[in-house]
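These are the residues of each chain, in order.
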Amino acid sequence: MGTKQIFLAQTRSNKVTNKTFIQAMLDPNANFGGLYTFADITPFTDITKLYTLKYADICKSIFNQLGINLNSNAFEFALQSYDNFRSKDIAPLVKIESNLYSLELYHGPTYAFKDMALQPFSRLLDSIAREQNKKYLILSATSGDTGPATLSGFANSKNIKAICIYPKNGTSQVQRLQMTTQSADNLKVFGINGDFDLAQSTLKELLKNESFRDSIKANGYNISVANSVNIARIAFQIAYYFIIAKELYKQNIHSFDVIVPSGNFGNSLGAFFAKKLGLPIAKICIASNPNDILTQFFTTGIYDIRSKKLKLSYSPAMDILKSSNIERLLFAYFGADKTKKLMESLDRNNYFNIEKNELLKIQELFEAKNFSDIECIEGIKDSFSKGYVIDPHTSNAYLFAQYRKQKGKSSKTQVIISTAHFAKFAKVVCRALCNLSNNDLESLSDKELLHNIISNITTNHRTTLQIDSNILELFDKQEIHTKCYEANTLQKHIIEWIKQ
């Protein structure tokens, strides 16, 4: 790695932290309940040099440019996690039609984009724990994909225990099974009565709770977190946007728009930092589902959840109202003092707003639109008619691309960010592509629904497509983590488990 060392900023404090990337990764608690983030990012002088590199080497170049100094052996071990991805391209760029591409981020072990960051993240943290001869408790909260990726990454680690909090009825069956069938002794899954916002706020409260932290420390463990409040997650999510530029550059395409299905905004923030590093992204488009808080913010400058209730949608990983990473974007545009004021207003009043001139500044790069569940189904159908099968989250991005094309909002190349394999959401995809009654959709297992989908794909597109055995085998595994908890009791249960 390079020789320079840059300290991280805090979103709610101007105080110099002297906190390195590794220190923030191991303890993500920043002052005043804020987040650690990158500041004063210097763009590459010749970004096209990165277009000749392999994926792991692109990661190394980005980390070096951000001033992240890591032990080279630990970093190499972390990046070797990409060797286990099902595609040798790691994140293939696939052409759907003229001027429309899909960046597929679901070729990792748990079939979702969270693997892109959490596989190397878990290896890196594991290496550091072994090197320091320390033990860590890793907390995570999930709306569906962070949990499986976290558990997969840390399974059987000797120095790390990992827990995941998830909304009991807020994920797909495959997402749930990827968590509840985990058998490694160092993993624990807590299904809670509530939604993802409750799961996420519970995690944040645990992080700040001194009594909890002291109890965990008394049992020999330090605490860190796998959610995107951890800056390491965001750092690893920058690299795949360079694959878009690399592949399009071969076609003499030098500028493009990205369309990101977004809930917690970490994926979109990766695009924002990639743009800061010099990547030729013209627009970052935020595709929302019926939980349209990000669309509200980017179109009006108002973030208001006072009268909103979280809706369970066909794209559950985006069922979020309190978007953690919007805080890092506010800091990048307006600095710590303004961010602290806005986020404290959100914490206290469930509301904040920015000025008109501030909104216009953000809208130079960002635009947003939300889509209903009915539209989501139509997006899956339309994409399928072009020979491309997408999951419901990706459908929101696909719909936005078609909308922008129809409205003449983009003559540029558009790239949708495909965040999950369709097999993780069998019921919704089957609703779109298979001629089944509502009774059949509700009575059939996801395994049976997947067979219906494959049959339909084979019939309509005369192509052979198989569901990976890793997914099909989930349905025959025993569910181990089946108990449901009240969120306010988790502190006690986690401490009891850590003592075992």
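Attention in this report is confined to the structure presented alongside it. (Residues numbered from 1 in each chain as written. Predicted model: local features only at pLDDT ≥ 70, side-chain atom pairs only at ≥ 80, totals over all residues. Heavy atoms only, no water.)

### A word on the overall build of the protein chain
The secondary structure content of the protein chain amounts to 21 helices and 15 strands. What you see for the protein chain is a C-alpha radius of gyration of 21 Å, in line with the 23 Å of a compact globule of 500 residues. Taken along its principal axes, the extent of the C-alpha atoms in the protein chain is 60 × 50 × 50 Å. Here the protein chain holds 500 residues, and 60% of them are scored as buried. Relative to all contacts within the protein chain whose residues are 6 or more apart in sequence, the contacts with residues 24 or more apart total 75%. Put simply, the protein chain has 59 plus and 47 minus side-chain charges, and the middle of one group is 3 Å from the middle of the other. (Helix = DSSP H or I, 4+ residues; strand = E, 2+ residues; numbered from the N terminus. Rg over C-alpha atoms; globule rule 2.2 N^0.38 Å. Buried < 20%, exposed > 50% of the residue type's maximum accessible area, 1.4 Å probe, protein only. Contact = heavy atoms within 4.5 Å. Lys, Arg positive; Asp, Glu negative; His and termini not counted. Charge placed at Lys NZ, Arg CZ, Asp CG, Glu CD.)

### Some remarks on empty space enclosed by the protein
Applying the stated criterion to the full structure yields 1 cavity of 30 Å³ or more. Reported here for the largest cavity is a volume of approximately 240 Å³. Lining the largest cavity are 24 residues; nearest its centre among them are F113, K114, G263, N264 and A317. Tallied by class, the residues present in the lining of the largest cavity amount to 8 nonpolar, 13 polar and 3 charged. (1 Å grid on protein atoms, 1.4 Å probe; cavity = no way out; pocket = protein on both sides within 12 Å on 5 of 7 lines; lining within 4 Å. Points joined across faces, edges and corners; volume = space filled by probe spheres on them. Nonpolar A, V, L, I, M, F, W, Y, C, P; charged D, E, K, R; others polar.)

### A few points about unusual backbone geometry
Most of the time, phi is negative for any residue but glycine, and the peptide bond is trans. In the Ramachandran plot, I90 falls in the positive-phi region, its phi being about 65° despite a non-glycine side chain. What makes I90 buried here is its relative accessible area of 8%. Not every positive phi belongs to a glycine, and N156 is a case in point at roughly 70°. Owing to a relative accessible area of 56%, N156 belongs among the exposed residues under this scheme.

### Examining the sheet that holds strand 8 (residues 221-225)
What the 5 strands build is an open sheet, ordered 8-5-6-7-15; its pairing is parallel. Of all the strands in the sheet, just strand 8 and strand 15 (484-485) have a single pairing partner and so form its edges. Of the pairings in the sheet, the one linking strand 5 (residues 135-141) to strand 6 (residues 160-167) comprises 6 bridges and is parallel in character. Across the sheet, residue L139 finds its bridge partner in strand 6, namely I163. Sheet strands in contact with helix 4 (residues 115-132) are strand 5, strand 6 and strand 8, and its direction is about 155° off that of strand 5. (Pairing = 2+ DSSP bridges. Axes fitted to C-alpha atoms, helices over the stretch in contact; angles between N-to-C directions.)

### Considerations on the sheet that holds strand 13 (residues 366-370)
Across the sheet, which stays open at both edges, the 6 strands sit in the order 3-4-14-9-10-13 with mixed pairing between neighbours. The sheet is open, and its two borders are formed by strand 3 (93-97) and strand 13, each paired with just one other strand. Shown here is a sheet whose adjacent strand axes are inclined to one another by a mean of 25°, direction ignored. Bridge count between strand 10 (residues 281-288) and strand 13: 5 bridges; the pairing is parallel. Looking at the pairing, I286 lines up with A368 of strand 13.

### What to know about the side chain of D145
Its location among the elements puts D145 in the loop between strand 5 and helix 5 (146-154). By relative accessible area, D145 is classed as buried at 3%. Among the polar contacts listed, one links the side chain of D145 to the side chain of K424, at a separation of 2.8 Å. The residues contacting D145, other than those within four sequence positions of it, are A112, K114, Q175, A317, A420 and K424. (Polar contact = N/O pair within 3.5 Å; in protein donor to acceptor, adjacent residues only side chain to side chain.)

### Structural notes on the packing of aromatic side chains
Under the definition given, this model contains 25 aromatic pairs. Centroid distance F190 to Y485: 4.9 Å. Interplanar angle 65°. Geometry classified as edge-to-face. Here F190 is found in strand 7 (residues 187-192), whereas its partner Y485 is found in strand 15, with 295 residues between them in sequence. Three or more aromatic residues joined by ring pairs form one cluster here, namely F38, F265, F272, F273, F297, F298, Y303, Y333, F334, F352 and F366. (Phe/Tyr/Trp six-rings, centres within 6.5 Å; stacked < 30°, edge-to-face > 60°.)

### Observations regarding the pairing of strand 7
Of all the 6 residues making up strand 7, 6 are buried; the element is thus mostly covered by neighbouring parts of the structure. Side-chain alternation along strand 7 places L187, V189 and G191 on one buried face and K188, F190 and I192 on a second face that is also buried. For strand 6 and strand 7, the ladder comprises 6 bridges, and the chain directions are parallel. Considered in strand 7, the bridge of C164 is made with V189. Handedness of the crossover joining strand 6 and strand 7 through helix 6 (residues 173-180): right-handed. Sheet analysis places strand 7 next to strand 15, joined by 2 bridges and oriented parallel. (Right-handed = clockwise from strand over helix to strand, strands pointing away.)

### A closer look at the pattern of salt bridges
Side chains carrying opposite charge are able to pair once their charged atoms draw close together. Under the defined criterion, the tally for this structure stands at 26 salt bridges. Measuring nitrogen to oxygen at the nearest pair gives 3.0 Å for the salt bridge that ties D126 to R130. Of the two residues, D126 and R130 are both situated in helix 4; the distance of 4 residues between them amounts to about one turn of the helix. Taking relative accessible area as the criterion, D126 reaches 13% and is therefore assigned buried. For E442, the salt bridge goes to K427, with nearest N and O atoms at 3.5 Å. One end of the pair, E442, is in helix 18 (residues 438-443); the other, K427, is in helix 17 (residues 426-433), with 15 residues separating them in the sequence. Put simply, R12, K322, E327 and D347 are held in one network by salt bridges that share partners. (Salt bridge = Lys/Arg side-chain N within 4 Å of Asp/Glu carboxyl O.)

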